[in-house]
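So you can see what is in the structure, the chains are spelled out below.
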Amino acid sequence: MGKKKASDSLGKSIIKHRFKTTTKSRSKEAWLHSSELDDGSDWNRINLKSVTEQSNLDDFLATAELAGTEFQAERLNVHFVSPQLQEGILTKDQVQQIEIAHKDNRHLLRIPRRPAWSVEDAAELVQKNEREAFALWRQQLGELQEKEHIVLTPYEKNLEVWRQLWRVIERSDIVVQIVDARNPLLFRCEDVETYAKEVSPHKMTMLLINKADLLTASQRKKWAEYFQANGIRAVFWSAAQENHALELKAIQEAESADEESESSEEDPPQKEEAAATPPKEEPVEDEKCKMLSREELIQLFQQLHQGPKVVEGVTAVGLVGFPNVGKSSTVNALYQEKKAAVSSTPGKTKHFQVGQTCSL
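Now for a look at the structure at hand. Starting afresh in each chain, residues are numbered from 1 along the sequence in its written order. Predicted model: local features are reported for residues with pLDDT of at least 70 only, side-chain atom pairs are reported and counted for 80 or more only, and whole-chain, interface and lining totals are derived from all residues. Only hydrogens and water are set aside; all other atoms, that is, all heavy atoms of the structure, feed into the side-chain values.

A short note on the side chain of Lys203
Looking at the secondary structure, you find Lys203 in the loop between helix H7 (190-199) and strand S2 (204-210). Buried charge without a partner: Lys203 forms no salt bridge, and the closest opposite charge is Asp173, 5.4 Å away. One polar contact links the side chain of Lys203 to the main-chain carbonyl oxygen of Glu170, over a distance of 3.2 Å. Throughout, a residue-residue contact means that at least one pair of heavy atoms, one from each residue, lies within 4.5 Å. Residues in contact with Lys203, not counting those within four places in the same chain, are Ile169, Glu170, Arg171, Ser172, Asp173, Ala196, Lys197 and Val310. The way it works is that DSSP assigns letters per residue, a run of H or I at least four long becomes a helix, a run of E at least two long becomes a strand, and they are numbered from the N terminus. Any residue under 20% of the maximum accessible area for its type is buried, any over 50% is exposed, and the rest in between are partly exposed; the area is computed with a 1.4 Å probe on protein chains only. Counted charges follow a simple rule, with Lys and Arg positive, Asp and Glu negative, and His plus the chain ends left uncounted. Here, a salt bridge means any Lys or Arg side-chain nitrogen found within 4 Å of an Asp or Glu carboxyl oxygen. Any N or O atom pair separated by 3.5 Å or less is treated as a polar contact, with the protein-specific requirement of one donor-capable and one acceptor-capable atom, and with residues adjacent in sequence counted only for side-chain atom pairs.

This is the structure in structure tokens:
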């Protein structure tokens, strides 16, 4: 028999090498979340990298990209501008002027609105209108920042992150803002509630005060009185406490199953009469400041929205909030399993996620 041709072995080795490298690259990226891949522009992925701080050049280029404008570089036109330095402690008059300026321009601090659209519009047209509206929103904030006594804190400058918020509000019957119980007003965005009503008057909004176990009963009572006096729908909740209770329940069930298996192998023990000890009576907590359990929170969601729904027969609940307020922990507690990644790093959950449970 003759020897195999060298070309055949070379072709097989090339094919084998190609499939080997493809398998390795796929298996390596399979463990990464889509939001962790920094390849939004290369592979047509949604770039959800949070952008809150930009240099003047990056800000200018990002605004130009949103407006669809191209620029040509020019040389020998460099002009250095020294920034205006503000040093020293503010006087009482200056503090008062800043407070007045903030109060007068408060209505300009709004989240970006999604332009009107319909299912008949082309995707390119919808995206173009969204970029133009977002560029106009950033321009208005830039003009506001140029006013005297106005200093804006860092805000999200990535359009894709705002698109996630638009989708959550549009697809939800109940928009729930999760806030930190240690300072609820700091994490509450009133404009989210306004925007939800603008999208549809049938949408309901409420505050879910997470980490309420860090407050005393008297503190929760005072906050409940404040929310009730200002017409704010709010309930207290602790996702960490619920997740901890679920873990204890799972451990107890596992231990009881092991004890039953061991007792079945041995002789049945003789029954002994034990004195019944009455359970300790816990102090009755006021319903206004009570921390809801998982079942009570789900029941509240079921009873809260009674009007027309986005999807007939299904109550859609959207959870939104600032980083590290407990959105992912709340989702995991409601589902009684890990549905969203939890991390101490702010901004772990930025993308739009959909889940379904038979309890809602």
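Focus: the sheet that holds strand S4 (residues 317-320)
Strands are treated as partners if at least two bridges between them are detected by DSSP. Pairing is parallel across the open sheet formed by 4 strands, whose spatial order is S3-S2-S1-S4. Looking at which strands have only one partner, the edges of the open sheet turn out to be strand S3 (234-236) and S4. Put simply, the sheet's adjacent strands are angled 25 degrees from each other on average, direction ignored. Where S2 lies against S3, 3 bridges are found, and the strand directions are parallel. Helix axes are fitted to C-alpha atoms over the stretch in contact, other axes to C-alpha atoms as well, and angles between N-to-C directions run from 0 to 180 degrees.

Quick notes on the packing of aromatic side chains
A pair of aromatic rings is counted whenever rings of Phe, Tyr or Trp (Trp by its six-membered ring) have centres within 6.5 Å, and the orientation is called stacked for planes under 30 degrees apart, edge-to-face for over 60 and tilted otherwise. Per the stated rule, a full pass over the model turns up 7 aromatic pairs. Relative to Tyr155, the ring of Trp137 lies with its centre 5.5 Å away and its plane at 80 degrees, an arrangement referred to as edge-to-face. Linking Trp137 in helix H4 (residues 123-145) with Tyr155 in the loop between H4 and helix H5 (159-171), this pair joins segments that are 18 residues apart in sequence. Per residue, the accessibility class of Trp137 equals that of Tyr155, and both read buried. On the basis of an interplanar angle of 75 degrees and a centroid distance of 6.2 Å, the ring pair of Phe187 and Phe322 is categorised as edge-to-face. Placement of Phe187 in helix H6 (residues 184-187) and of Phe322 in the loop between S4 and helix H11 (327-335) is noted, with a sequence separation of 135 residues between them. The exposure class assigned to Phe322 is partly exposed, which follows from its relative accessible area of 39%. In textbook terms, an aromatic cluster arises when at least three aromatic residues are bridged by ring pairs, as seen for Phe134, Trp137, Tyr155 and Trp162. Both a distance and an angle decide whether a charge sits over a ring: NZ of Lys or CZ of Arg must be within 6 Å of the ring centre and within 35 degrees of the ring normal. A cation over a ring is seen here: Lys157 above Tyr155, with NZ or CZ 4.1 Å from the ring centre.

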